[in-house]
Amino acid sequence: MSRLGTIEDEPQPLLLTSYDKTSGVWLKLEEYLQQELDRYRKKNDGLLLDEIQTAVVRGRIATLKSLIALGADTSPGITPDG
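Please read all numbers here as calculations on a predicted model, not as lab measurements.

A. Spotlight on the packing of aromatic side chains. Under the definition given, this model contains 0 aromatic pairs. Across the ring face of Tyr40, the terminal group of Arg39 is positioned such that the distance to the ring centre comes to 4.8 Å.

Rendered as structure tokens:
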């Protein structure tokens with residue numbers, strides 16, 4: 001029986017090549033993601049948010065960090081957790 005499409009299936013990691021990481025599109029996207037991360041961090045730090053709003057903001061921060069980490073150097077000994 002195939003488990004294709006079930007929630008338990010692990011997605012394949014997205015790996016960017018050195019060329020990808022230096023492309024104009026990635027550099028522009030990375031700059032945008034960093035600006036959004038800064039904006040959401042300020043929102044999280046500066047506003048009185050209820051539990052749900054805080055969870056949404058923290059979820060967006062986590063998502064932005066994971067997208068930015070795609071461009072991190074993943075050489076042995078270096079982790080993209082930042």
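B. Inspection of the environment of Gln35 at higher detail. Counting through the fold element by element, Gln35 comes out in helix α2 (residues 24–46). Considered as a pair, Gln35 and Leu64 are 29 residues apart in the sequence and their alpha carbons are 9.8 Å apart.

C. Up close: the nonpolar core. Counting 7 residues, the largest nonpolar core consists of Leu33, Leu37, Tyr40, Val57, Ile61, Leu64 and Ile68. Going through the elements one at a time, α2 and α3 (51–68) are the ones with two or more residues in this core. For this core, the leading source of residues is α3, giving 4 residues. The residues contacting Ile68, other than those within four sequence positions of it, are Trp26, Glu30, Leu33, Gln34 and Leu37.

D. Structural context of the pattern of salt bridges. For the structure shown, the criterion picks out 1 salt bridge. Its salt-bridge partner being Arg39, residue Glu36 comes within 2.8 Å of it at the nearest N-O pair. In this pair, Glu36 and Arg39 are both assigned in helix α2, 3 residues apart and thus about one turn of the helix distant. With a relative accessible area of 42%, Arg39 lands in the partly exposed category.

Criteria and thresholds
Residues numbered from 1 in each chain as written. Predicted model: local features only at pLDDT ≥ 70, side-chain atom pairs only at ≥ 80, totals over all residues. Heavy atoms only, no water. Phe/Tyr/Trp six-rings, centres within 6.5 Å; stacked < 30°, edge-to-face > 60°. Lys NZ or Arg CZ within 6 Å of the ring centre and 35° of its normal. Helix = DSSP H or I, 4+ residues; strand = E, 2+ residues; numbered from the N terminus. Core = buried A, V, L, I, M, F, W, Y, C linked by side-chain atoms within 4.5 Å. Buried < 20%, exposed > 50% of the residue type's maximum accessible area, 1.4 Å probe, protein only. Contact = heavy atoms within 4.5 Å. Salt bridge = Lys/Arg side-chain N within 4 Å of Asp/Glu carboxyl O.

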